[in-house]
Amino acid sequence: RQREAGHAGVGVLLAQANAARTAHRLEGAPDAALPLYARVLALQPDRVEALEGRDDSLSDVLQRARVALQRGDLPEAARLVAVARQYDPGHSDLPDAEARLSTAIERLRGTAEQDLRRDRLDRAAEGFQSLLRIDAQDDAARRGMDSVSEGWARRAERLAADFRFKEAEVALAR
């Protein structure tokens, strides 16, 4: 590892990581701060500057996740929490961020289900689609979308029975 570190130019990687962090380019590209810190730590796991830089970068990422939660952008908040978990699953701010995200997801799920029960199909669909953007494998959200589709089909049936064929076609298309 020492030989690899010498060839890899750990000092250069660390400087690039620090510059990326200063420029608020924390994740999403190979030359962003977190991937560069990860490369440094793969070569020198005890490098204090890299550990501190990664910790500060992850705190910033989790702060961005909190802001995304506050503005209601759950898919972005979930993505940012996943980024933090990927780079340091033991980060001190991660449990709080995961708890806030989980609470917001359950609140969204409850709102979508309530909208479905009240036949507010557009709003229910938006809620379930947001849940699926967070987790494409969310079976409850998939079932919710199926129920929304069934609701539109029932609405189309009722409209067609009242000879409101244009509106029935629109409902069926939904």
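Residues numbered from 1 in each chain as written. Predicted model: local features only at pLDDT ≥ 70, side-chain atom pairs only at ≥ 80, totals over all residues. Heavy atoms only, no water.

**Q** Which parts of the structure should I look at to understand the overall build of the protein chain?
**A** What the protein chain contains, in helices and strands, is nine helices and zero strands. Listing the helices and strands of the protein chain from first to last along the sequence gives α-α-α-α-α-α-α-α-α. Each of the three principal axes of the protein chain carries a C-alpha extent, and together these read 80 × 30 × 25 Å. Going through the 174 residues of the protein chain one by one, you find that 37% of them count as buried. Put simply, of all contacts in the protein chain between residues at least 6 apart along the chain, 46% involve residues at least 24 apart. Carbon and sulfur atoms provide 49% of the accessible area of the protein chain, an area that totals close to 10400 Å². Between the mean site of the 28 positive side-chain charges and the mean site of the 30 negative ones, the protein chain shows a separation of 2 Å. (Helix = DSSP H or I, 4+ residues; strand = E, 2+ residues; numbered from the N terminus. Buried < 20%, exposed > 50% of the residue type's maximum accessible area, 1.4 Å probe, protein only. Contact = heavy atoms within 4.5 Å. Areas by Shrake-Rupley, 256 points an atom, 1.4 Å probe, with all protein chains shown as cover. Lys, Arg positive; Asp, Glu negative; His and termini not counted. Charge placed at Lys NZ, Arg CZ, Asp CG, Glu CD.)

**Q** Where do I start with the side chain of Glu27 in this structure?
**A** Take Glu27: it is sitting in the loop between helix H2 (10–22) and helix H3 (33–43). Side chain to side chain, Glu27 and Arg79 meet in a polar contact 2.9 Å long. Filtering out sequence-adjacent residues up to four positions away, Glu27 remains in contact with Ala32, Leu34, Val61, Arg64, Arg79, Leu80 and Val83. (Polar contact = N/O pair within 3.5 Å; in protein donor to acceptor, adjacent residues only side chain to side chain.)

**Q** Even after reading the chapter, I still don't get the packing of H3 against helix H4 (residues 48–70), so can you show me in this structure?
**A** Between two packed helices, both the angle of their axes relative to each other and the distance between the axes serve to describe the pair. Close contact between H3 and H4 brings their axes to 9 Å; oriented N to C, the two are set at 150 degrees. Viewed along their axes, H3 and H4 adopt a mutual orientation that is roughly antiparallel. H4 is crossed by H3, and the crossing has left-handed handedness. Each of Ala33, Leu34, Tyr37, Val40 and Leu41 in H3 lies in contact with H4, whose residues at this interface are Glu49, Ala50, Leu51, Gly53, Arg54, Ser57, Leu58 and Val61. Looking at the contact of H3 with H4 residue by residue, the class counts come to nine nonpolar, two polar and two charged. (Axes fitted to C-alpha atoms, helices over the stretch in contact; angles between N-to-C directions. Parallel < 35°, antiparallel > 145°, perpendicular 65-115°, else oblique. Left-handed = near helix turned anticlockwise from the far one by under 90°. Nonpolar A, V, L, I, M, F, W, Y, C, P; charged D, E, K, R; others polar.)

**Q** When you look at the pattern of salt bridges in this model, what are you seeing that I'm missing?
**A** In a structure, side chains of opposite charge can pair up when their charged atoms sit close to one another. A full pass over the atoms with the stated rule returns 17 salt bridges. Of the charged contacts in the structure, one is a salt bridge between Arg71 and Asp73, with a shortest N-O distance of 3.5 Å. The exposure class of Arg71 is exposed, given its relative accessible area of 55%. Residue Arg79 is joined to Glu76 by a salt bridge in which the shortest nitrogen-to-oxygen separation is 2.9 Å. (Salt bridge = Lys/Arg side-chain N within 4 Å of Asp/Glu carboxyl O.)

**Q** Please explain a negative patch on the surface as it appears in this structure.
**A** There is a patch of like negative charges on the surface, built from Glu52, Asp55, Asp56 and Asp60. Looking at the element boundaries, Asp55 is found in helix H4. Overall, the relative accessible area of 32% leaves Asp55 in the partly exposed class. (Patch = residues over 30% accessible without salt bridge, like charges linked within 9 Å, V, L, I, M, F, W, Y side chains within 5 Å.)

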